[in-house]
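# Structure assessment
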Amino acid sequence: MTSVRFVILFLSIFFSASAQKDYRLWLQYDRINNSVIASEYKSNIQGIISFGNSQTSQIAVKELQDAIAGMLGNKLEIRSEIKGENNLIIGSQNSLNSDLKKALQPDFDKINNEGFIIKSILFKNKKQLIISGKNEIAVLYGVFNFLSLIQTNKSIKNLNITDSPKINLRVLNHWDNLDRTVERGYAGFSLWNWQKLPDFIDQRYVDYARANASIGINGTVLNNVNANALILTPQYLEKAAALASVFRPYGIKVYLTARFSAPIEIGNLKTADPKDPEVMNWWKNKAAEIYKRIPDFGGFLVKANSEGQPGPQNYGRNHVDGANMLADAVAPFGGVIMWRAFVYSEHDANDRAKQAYAEFQPYDGKFKENVIVQVKNGAIDFQPREPFHPLFGAMPKTPLMMEFQITQEYLGFSTHLVFLPKLFQEVLESDTYQKGKGSTIAKVIDGTLYQNKLTGIAGVANIGNDLNWTGHSFLQANWYGFGRLAWNPYLDSETIADEWLRCTFSNEENFIKPVKKIMIESREAVVNYMTPLGLHHIMDTGHHYGPGPWVSNLSRPEWNPTYYHKADKNGIGFDRSKSGTNAVSQYAPEIEKLFDNPATCPEQDLLWFHHVSWDYKLKNGQTLWNGLSLKYQEGVNQVAAMQNVWNQSEKYVDSERFNEVKMLLEIQHKETKWWRDACLLYFQQFSGKELPAGVEKPTQTLEYFKSLKFPFAPGNG
Ligand code: GCW
């Protein structure tokens, strides 16, 4: 072989093998190198007996076979009857034989429709392991869960697990456009190749569904909430139906966004007034048409009268009128309407943070039963930190759905390592006090606080067609973590990081411990270097990449960073206390009191609720100016520490992922300094104070930072 051919061959083997690693997400199924553990597994799993014969059960069997082959190196035999011991028996409640069904009855009583059982049993005096659930999808969830035990090197002797998801609708929201751009997407273009659908089925659709099923995600909204009505035309519905067919055996329902003006744009009607009989009829027919193609269609997600999207208010109607009209259209087919509460208006001079509550809270109890109101975690917009949205807990008669953003619109795009489950957990644990102490957001959205039947959680996806799906290996953890918290909103983010690292990289304690620590700290780091002490929305305009606290020239006041920080000679922060906009009054009295007083307001939210002087004394005795400056520096230092840890992980990680993460951390570190310097130089104009000891000198002038422009920053349409 000539040397050139050899090099080409070598490179192609190298690249295909290594690229697969990233692509395989948390389903790596690498060979287990601990021989004691491996031999326990081998002796406990010797054959597979499957009671099902659906496509889903075939998927489950294949997953078991492939995973075991990868992790233990042997191909499991499929046995047609229960012979011998140490078989893995899989099957749903209905498909099991009557003896097994009877033996598991107490376990079936403990789970809901999507829950699973993983249990070591003695059957006819022989030891077996059974994975079951009430239907095939639940069994598939059980299979993935069982495999994750092996991936994380847990013992599988004497298993007795029952687990059910606590939230019904566990949904990804893709802000994907029909031209394949992704609004706020930083991992390439959309996965959905609309041009080639429905006839060409990309293997990625299958792999996407499999990854989602492995963490229990059961729904996907295919297209952007800033909707294009064309998605509802036959041409596109046929394509959506093709995707739905791929996702169905994995338990994933397809949803679409509904553009409120679609009856005009694609239906030739003169109006989209929700009270107009022709309009109502148009939506009823449209729903029937969709269900004909996609019998298990989930329903519509709607952004109406928000940021220029059309809605019922264009016709003098309100959100209830709009949502209920659509709800009637999908109700006969069991569909739901996820109606977003992300509203603020240029005609409303009120504090933007107050507008969604002011508009939606009075509608409590007025929506039809198949409507769920989708509320972002905070009242502004997916900031590195926001106090929880006051609507949570404040609409006892209305199911509320959480909307988290997995894509990092305001958190450094896909270059910054930020472990979001930490942020999600902080929100889910927040106590709204709306029904007394312990009224946490987790209980609002899992329906236990007010006994709602319909429950849901949405995550704005960070997925694109990049080889590694999310643009950064570590941001796969945010997709994973969202799914895990959607299944169980009470999970600890540290547990999630631990599982994810083991499944994705390695079980070596010397790797897990330090890397888990930096993941957990990464969330506070981003708050520190971008928006410490309650600052928010000071990102550069439009694309939201990098700092732009100076921006003040946008047509809508509430689009300008200066609106949010209100820095002046006297101090900094947005006064939302009783003496300011009184946004605090939208919370339960206990929380209102806490937030209203700067002395009791959590310092992490101080500048969200209060305008305080530059000399204001923080709890640690520092002045606000010094404390703020030091927080920015701390953020920079934290990322430097993350780099150090990563640099020591080389021997535990394949070289491709190691190097990619290393380069990304370098960019992140560079950008932390940009954030620190730009913000501090800008705020210094008002504080008139020197930087305290411990804060590094700025790397450039304020003019330089202001001159930076990013017309082609991704995700901005
Ligand atoms: O966060 C803002 C984004 C918009 C987005 C909007 C929304 C889809 O900047 O890009 O539009 O929120 O959530 O509707």
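Bear in mind that the values here come from a model prediction, so they are computed numbers and not experimental data.

Rules used in this analysis
Residues numbered from 1 in each chain as written. Predicted model: local features only at pLDDT ≥ 70, side-chain atom pairs only at ≥ 80, totals over all residues. Heavy atoms only, no water. Domains from an automatic or database assignment. Buried area = accessible area lost by both parts, 1.4 Å probe. Salt bridge = Lys/Arg side-chain N within 4 Å of Asp/Glu carboxyl O. Polar contact = N/O pair within 3.5 Å; in protein donor to acceptor, adjacent residues only side chain to side chain. Helix = DSSP H or I, 4+ residues; strand = E, 2+ residues; numbered from the N terminus. Nonpolar A, V, L, I, M, F, W, Y, C, P; charged D, E, K, R; others polar. Buried < 20%, exposed > 50% of the residue type's maximum accessible area, 1.4 Å probe, protein only. Core = buried A, V, L, I, M, F, W, Y, C linked by side-chain atoms within 4.5 Å. Contact = heavy atoms within 4.5 Å. Expected span 1.5 Å × (residues − 1). 1 Å grid on protein atoms, 1.4 Å probe; cavity = no way out; pocket = protein on both sides within 12 Å on 5 of 7 lines; lining within 4 Å. Points joined across faces, edges and corners; volume = space filled by probe spheres on them.

### So, the domain arrangement of the protein
For the protein, the domain assignment lists domain 1 (22-163), domain 2 (169-504) and domain 3 (528-574 + 611-707). Broken down residue by residue, the surface that domain 1 buries against domain 2 is led by Tyr23, Leu25 and Trp26, which jointly contribute 35%. For the pair domain 1 and domain 2, the number of links is 2 salt bridges. A salt bridge links Glu114 to Arg170, with the nearest nitrogen and oxygen atoms 2.8 Å apart. Here domain 1 and domain 2 share 10 residue pairs in polar contact (both at pLDDT 80 or more) between them. Elements with a minimum of two residues in the side of domain 1 that touches domain 2: α1 (3-23), α3 (55-72) and α5 (136-151). Among the elements that take part in the side of domain 1 that touches domain 2, α5 stands out by supplying 5 residues, more than any other. Residues of the side of domain 1 that touches domain 2, tallied by class, amount to 11 nonpolar, 5 polar and 4 charged.

### Here's the deal with the environment of Asn659
Relative to the assigned elements, Asn659 resides in helix α21 (residues 655-687). Exposure remark for Asn659: the relative accessible area of 37% places this residue in the partly exposed category.

### Side note on the nonpolar core
If you look at the biggest cluster of nonpolar residues, it comprises 227 residues, and the most contacted ones within it are Phe146, Phe247, Trp283, Trp479 and Phe683. Residues within four places of Phe146 in sequence aside, it is in contact with Ile45, Leu64, Leu88, Ile118, Leu129, Ile131, Ile156 and Leu159. Core analysis: the second largest hydrophobic core is formed by 11 residues, Ile49, Leu96, Ile117 and Ile130 among them.

### Some details on helix α10 (residues 319-330)
Counting along an α-helix, one turn takes 3.6 residues, and residues three or four places apart therefore face a common direction. For α10, which comprises 12 residues, the first-to-last C-alpha distance of 17 Å matches the rise-based estimate of 16 Å (1.5 Å per residue) to within 8%. The buried count for α10 comes to 11 of 12 residues, which makes it a mostly enclosed element. In this fold, the buried residues of α10 make contact with α9 (277-293), β10 (299-302), β11 (336-340), α11 (352-360) and β12 (371-376). N-capping of α10 is provided by Asn318, with a side-chain oxygen placed 2.9 Å from the backbone N of Val320.

### With respect to empty space enclosed by the protein
This structure, assessed with the given rule, holds 8 cavities of 30 Å³ or more. In this structure, the largest cavity spans a volume of roughly 70 Å³. Taken together, Ala341, Phe342, Val343, Tyr344, Arg352, Ala356, Lys376, Gly378, Ala379, Ile380 and His389 make up the lining of the largest cavity. The class makeup of the residues in the lining of the largest cavity is 7 nonpolar, 2 polar and 2 charged.

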